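# Per-entry structural report
Each chain is listed here by its residues.
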Amino acid sequence: MPESGLPVRPTSALSPVAAKAAWLGIAVVVTVIGLYRARQLRQADRHGPALVVVGLIAVAVSPVSWVHHQIWTVLAGVTLMLASTRVCRVAGGLVYLVMVVDTNLAAVSPHLPIAVTWPLTNLRALVVVALCVSGLRGRARDVTEGPRSPGSSRPDPVASGPDRGPGHPTYR
């Protein structure tokens, strides 16, 4: 994560004042959208993901975001991996992969163009911003929903239900 939290150093053409103004503008937008998403999650009784989004906002807008602050990004990946849709589970795995793999090509190949090195160098920060804005979409799987029908994401109507336990004639 860059020293300024959000990635606002795409080129050296930005003056320090312009870079701070860009950081402040992005930080305000990410904070407002992220808090709106966290509020939506909280209103849907998804308090854990709401807390993770607030933690991600802190990582994104903090003037200094160290690697140990990025536990929120890992928790966001885990939250997505526990979601009920395949897209969310794959996205969670990709978030986790981004956190594990070092994508700083500028240190390895300083001769590469900035259009290649900047997004990769700032990939973690870009992922954090994307997670804040998306609000960790996807509904978490509920273990109380009962068994799933083969090939379906819906609970099996015969095998689940309050009166369908062992001993019931339709219990499988």
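Residues numbered from 1 in each chain as written. Predicted model: local features only at pLDDT ≥ 70, side-chain atom pairs only at ≥ 80, totals over all residues. Heavy atoms only, no water.

### Here we look at the overall build of the protein
- Counting its regular elements, the protein contains 7 helices and 0 strands.
- Counting from the amino terminus, helix and strand elements in the protein follow one another as α-α-α-α-α-α-α.
- Here the protein holds 172 residues, and the buried ones make up 31% of them.
- A total of about 10400 Å² of accessible surface is found on the protein, and carbon and sulfur atoms cover 68% of it. (Helix = DSSP H or I, 4+ residues; strand = E, 2+ residues; numbered from the N terminus. Buried < 20%, exposed > 50% of the residue type's maximum accessible area, 1.4 Å probe, protein only. Areas by Shrake-Rupley, 256 points an atom, 1.4 Å probe, with all protein chains shown as cover.)

### Description of unusual backbone geometry
- At Asp45, a position not held by glycine, the phi torsion is positive, near 60 degrees.
- Mapping Asp45 onto the fold places it in the loop between α1 (16–43) and α2 (47–61).
- What makes Asp45 exposed here is its relative accessible area of 60%.

### Here's the deal with α2
- Helix length check: α2, at 15 residues, gives a terminal C-alpha distance of 21 Å against a target of 21 Å (1.5 Å per residue), a fit within 8%.
- Of all the residues in α2, the buried ones are Pro49, Ala50, Val52, Val53, Gly55, Leu56, Ile57, Val59, Ala60 and Val61.
- As for α2, its buried residues are in contact with α1, α3 (71–81) and α7 (123–134). (Expected span 1.5 Å × (residues − 1). Contact = heavy atoms within 4.5 Å.)

### Some words on the nonpolar core
- Grouped together as the largest cluster of nonpolar side chains are 25 residues, with contacts concentrated most on Leu56, Leu131, Cys132 and Leu136.
- Looking at this core, the element that brings in the most residues is α2, giving 8 residues.
- Residue contacts for Leu131: discarding those within four places in its chain leaves Leu56, Thr73, Ala76, Leu80, Val95 and Leu136. (Core = buried A, V, L, I, M, F, W, Y, C linked by side-chain atoms within 4.5 Å.)

### Notes on the environment of Met99
- With respect to the helices and strands, the residue Met99 is situated in helix α4 (residues 86–100).
- Considered as a pair, Met99 and Thr73 are 26 residues apart in the sequence and their alpha carbons are 7.6 Å apart.
- Not counting residues within four places of it along the chain, the set of residues in contact with Met99 comprises Gln70, Thr73, Val74 and Arg124.

### A short note on α7
- Helix length check: α7 (12 residues) gives 16 Å between terminal C-alpha atoms against 16 Å at 1.5 Å per residue, within 8%.
- Residues of α7 that are buried make contact with α1, α2, α3 and α4.

### Quick notes on the packing of α2 against α7
- Contact pair α2 / α7: the axes reach a minimum separation of 9 Å and the direction vectors enclose 140 degrees. Taken together, the axes of α2 and α7 lie oblique to each other. Crossing handedness for the pair α2 and α7: left-handed. Within the contact between the two elements, α2 uses Val53, Leu56, Ile57, Val59 and Ala60 and α7 uses Val128, Leu131 and Cys132. (Axes fitted to C-alpha atoms, helices over the stretch in contact; angles between N-to-C directions. Parallel < 35°, antiparallel > 145°, perpendicular 65-115°, else oblique. Left-handed = near helix turned anticlockwise from the far one by under 90°.)

### Concerning the side chain of Thr73
- Here Thr73 is to be found in helix α3.
- Note on Thr73: relative accessible area 0%, which makes it buried.
- With residues up to four places along the chain from it excluded, the contact list for Thr73 reads Leu56, Val95, Met99, Val127, Val128 and Leu131.

### Description of the environment of Val128
- Position of Val128 among the secondary structure elements: in helix α7.
- Separated by 67 residues in sequence, Val128 and Val61 have C-alpha atoms that sit 9.9 Å apart.

Don't take any of this as a statement about function, it's just geometry.
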